[in-house]
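Residue-level structural notes
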Amino acid sequence: LYEHTGRRPHASINFITCHDGFTLNDLVSYNSKHNEANLEGNNDGPESRVCLVRFVCSPSTQQSEDNYLDHNHIYIYTMGFMTEGSTLAWEDSKKFIEYVKEHGIQQFLHIYNEMKDRSDDCLKWGDEIEYVVMHLDEENKTARVSLRGNEILEQLMKEEKENPHKVEVLWRPEYGRHMLEGTPGKPYCGALQGLEQLQKNMTLRRNAVQSFLQSHERIGSLTVFPRLGCKECTHPSHPTNGPVALSDFLPDTIINPHFRFSTLTANIRTRRGSKVDINVPMFKDTNTPAFFEQEAATSTSPGSQGRPYNIHMDAMGFGMGCCCLQCTFQCCNITEARYFYDQLAVLCPIMLALTAAAPVYRGYLADIDVRWTVISQSVDDRTRAERGEIPFYNPAPGASNEGTDPVNGWGKQRIDKSRYDSIDCYISNDAMLKPEYNDIPLVMDEHACEVLMKNGVDELLSRHIAHLFIREPLVIYGDKIEIDDSQASDHFENIQSTNWQTVRFKPPPPGSPIGWRVEFRPMEIQITDFENAAFVVFIVLLTRVISSFDLNFYIPLSKVDENMKRAHNRGAVTDERFYFRKNISKDKDDAPGQSVEDECTTRTLNEIMNGTQDGFQGLIPLMHMYLDSVSMDVESRTIVNRYLSLISKRASGELMACASRMRHFIAPHPDYRPASVVPDSIQYDLLETIEALNAGKVQIPEMFGKETVC
């Protein structure tokens, strides 16, 4: 069970349990340490996630089903074992990769052929908020991420299990044991319904979590916990260099105990052939050294060696431990979904920069303000050959493989991006989409594309799906390989759900009333419900404005990628210029013979949002035009106007974005030495200030003006 090479526990059993905080009863009942009976607060013994076994008791002695593992357990019968839901390690997965990919394509074809003509679905939408559970020690002025997230989640989900159709909030696990994800209990219907209820529902979620917190715990909507990865950053504290992530900075116990997450972590590392290598530029303050001693002592990833002014991280938890704000929309049909996918993709860098809220990593001030590249690097499973560093390995007998090997040379073609990145192709069949806008060379699974086109899927959509399928499945369940392709979409979703792009085109699930959807993914979570509601409402209204005014945001995708790079820059919300169309009205033709390059200019976020004096209207004035044209009660319009005012002033620089305000909090703090280090005391004071803001005890006019945010 403690094998570090990647073999899974079902290969053999060398050791079962001892009574050091993890009893035999714990082993067969839970997926984490759960020993309160000895009255030591469940703090004794290691938090080793070795609970892989479920004992089948008689009905009279069996504990509540809620206490048992739902997945990845091994049933014990009298003298034998039967696996159910076990996730496969990378080496065990390899023989099923092509099968999963082939049947994933077939599953998409079943969905497409059955649902392609589905139409007249109403607009439904909802949001997802990810929270961090924190432990604050007032006496010592320290803050840690609390590893009680799963215990709290069990309590939060009880109501849903009892009344699944009546709950106002749904709760789901996230990658980190310190994280929670909350969504509305059901989607909002229509363009205007829910706009005034959204913030109330977000507050309801926050209050629900608070009701299960212990005295020293807090809940926060933070994009990044500032000192995640510093010494003893978790509560309780656990040793680093665990067998799953092999991280020098994060303990494995920070990973959600559901085995999907640990398998995903280990398989990304194993497929890649090394630990993930995350590097972020450090902000150079007056006394910032090029190298910190602790960096030199702990940086074991070759890619990080010798980089001055660099913040190095080495585990998936640094990226997937970030929190974000997402929105999903059900469209009326597949055509509208493809159109929105394209148009919203152009806005992704804009909204990433506007919601910037992540200026600190591993206790250091960074020279970026957003999380995206950190997550992108944290799940980058590409081998060295796929990254273009060495030749691909040829397994044919007698093949020359000089300069490569079976691990680092694994793969078929060079891939230019991580699985977590911006999109690489537009997919709409609208006449506005010119071929020149798709100017990025598209890497795709040629065979998959051929199969899709032969079965009636148009070229643009076939290329998109085939591009997703250049990736290999990272988590395969051993008992869910042979399934009915006409009734299930597990293999398709296995690939689709681990392509974490800025927008996601989502087909209807088989046998479900849910329609074609688009998920908008780039925004950073904000520290208050008021801000989060404002940005979600903005995106909902944006879809209505795009549709009502027939807007055209198309620019070459290479410029969208450039915008993504610019969105990361410190102060991008006010200081950067982004590529954007000169004319976004579909009714106004571009000049005859004009190239797609000439259709673009660069604009500040203020110009994009608020308009210019040369006739570019701006997105927020267009939203007010749309709202003037529909029937909306005075109270709801007042709330929406407050939201749009906040975003307008953030874009203009009149009000600070979250990342900028955090920097202005840190720099004058009496414990800050201008060397880019954010110590425990500053982090504690920052989190306490955010807590006081959400409780209505303080105001931050630099971020909100005269607005009351709670």
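Residues numbered from 1 in each chain as written. Predicted model: local features only at pLDDT ≥ 70, side-chain atom pairs only at ≥ 80, totals over all residues. Heavy atoms only, no water.

The number of helices and strands found in the protein is 22 helices and 21 strands. Counting only residues that meet the buried cut, the protein has 59% of its 710 residues in that class. For the protein, the proportion of contacts with a sequence separation of at least 24, taken over those separated by at least 6, is 73%. (Helix = DSSP H or I, 4+ residues; strand = E, 2+ residues; numbered from the N terminus. Buried < 20%, exposed > 50% of the residue type's maximum accessible area, 1.4 Å probe, protein only. Contact = heavy atoms within 4.5 Å.)

We now examine the side chain of R504. Along the chain, R504 turns up in strand β18 (residues 503-506). Within the structure, the side chain of R504 is placed 3.3 Å from the backbone oxygen of S497, a separation counted as a polar contact. Discounting chain neighbours no more than four positions away, the residues touching R504 are Y341, Q496, S497, N499, R517, V518, E519 and R521. (Polar contact = N/O pair within 3.5 Å; in protein donor to acceptor, adjacent residues only side chain to side chain.)

This part is about the pairing of strand β7 (residues 179-184). For β7, a buried count of 6 out of 6 residues is recorded, marking the element as mostly surrounded by other parts of the structure. Examined bridge by bridge, strand β6 (residues 169-172) and β7 share 4 bridges and lie antiparallel to one another. Counterpart to L170 in the pairing with β7 is T183. What sits between the antiparallel neighbours β6 and β7 is a turn of 6 residues. (Pairing = 2+ DSSP bridges.)

Let's shift gears to the pattern of salt bridges. Counting across every chain of the model gives 39 salt bridges. The salt bridge partner of D314 is K275, with a shortest N-O separation of 2.9 Å. In this pair, D314 sits in the loop between β12 (310-313) and α8 (316-320) while K275 sits in the loop between α6 (259-272) and β11 (278-281), placing the two residues 39 residues apart along the sequence. For the pair shown, D314 and K275 are each scored as buried. (Salt bridge = Lys/Arg side-chain N within 4 Å of Asp/Glu carboxyl O.)

Okay, the confidence of the model for the protein next. Caution applies to low-pLDDT regions: their predicted coordinates should not be interpreted in detail. In the predicted model, the protein carries a mean pLDDT of 89, and 85% of its residues have values of at least 70. Predicted confidence for residues 1-5 stays below pLDDT 50, and this span has 10 contacts to residues more than four positions away or in other chains. Long-range and interchain partners of residues 46-84, a stretch whose pLDDT sits below 50, account for 94 contacts in this model, where long-range means more than four residues apart. (pLDDT = per-residue confidence, 0-100.)

Attention now goes to the nonpolar core. Formed by 189 residues in total, the largest nonpolar core has its most connected members in Y361, Y426, F538, L542, F553 and M609. The greatest single-element share of this core, amounting to 15 residues, is contributed by helix α9 (residues 334-354). Discounting chain neighbours no more than four positions away, the residues touching Y426 are D342, V346, L433, Y437, N438, L460, Y554, I555, P556, L557 and V560. Listed in part, the 7 residues of the second largest apolar core include F283, V360, V678 and I682. (Core = buried A, V, L, I, M, F, W, Y, C linked by side-chain atoms within 4.5 Å.)

Here we come to the environment of Y339. With respect to the secondary-structure elements, Y339 resides in helix α9. Note: C-alpha distance between Y339 and S428 (89 residues apart in sequence) is 5.0 Å. In contact with Y339, other than residues within four places in its own chain, are S428, D430, M432, I546, D550 and L551. A polar side-chain atom of Y339 sits 2.8 Å from the main-chain carbonyl oxygen of L551.

All chains considered together, the criterion is met by 0 disulfides. The cysteine C230 is free of any disulfide, with C233 supplying the nearest cysteine sulfur at 7.1 Å. Taking the relative accessible area as the measure of exposure, C230 reaches 14% and is therefore buried. For C449, which is in no disulfide, the shortest distance to another cysteine sulfur is to C425 and amounts to 9.9 Å. (Disulfide = S-S within 2.5 Å.)

This part covers helix α14 (residues 529-548). With 20 residues, α14 extends 28 Å between its outermost C-alpha atoms, agreeing within 8% with the 28 Å of an ideal straight helix rising 1.5 Å per residue. In terms of burial, α14 is a largely internal element, 18 of the 20 residues being buried. (Expected span 1.5 Å × (residues − 1).)

With that settled, consider the packing of aromatic side chains. Within the structure shown, the criterion is met by 19 aromatic pairs. The interplanar angle of 80 degrees and the centroid separation of 6.5 Å between the aromatic rings of W90 and W410 together place this pair among those described as edge-to-face. Here W90 is found in helix α2 (residues 90-93), whereas its partner W410 is found in the loop between α10 (372-378) and β16 (420-421), with 320 residues between them in sequence. The class of W410 is partly exposed, set by a relative accessible area of 25%. (Phe/Tyr/Trp six-rings, centres within 6.5 Å; stacked < 30°, edge-to-face > 60°.)

Relative to the 20 Å expected for 14 residues at 1.5 Å per residue, α6 spans 20 Å between its end C-alpha atoms, a close match to the ideal helical length. Across the 14 residues of α6, 12 count as buried, placing the element largely inside the fold. Among all positions in α6, only F259, F261, S262, T263, L264, T265, A266, N267, I268, R269, R271 and R272 are buried. As for α6, its buried residues are in contact with α2, α8 and β17 (500-501). Positive backbone phi, approximately 95 degrees, marks G273, located one or two places after α6.

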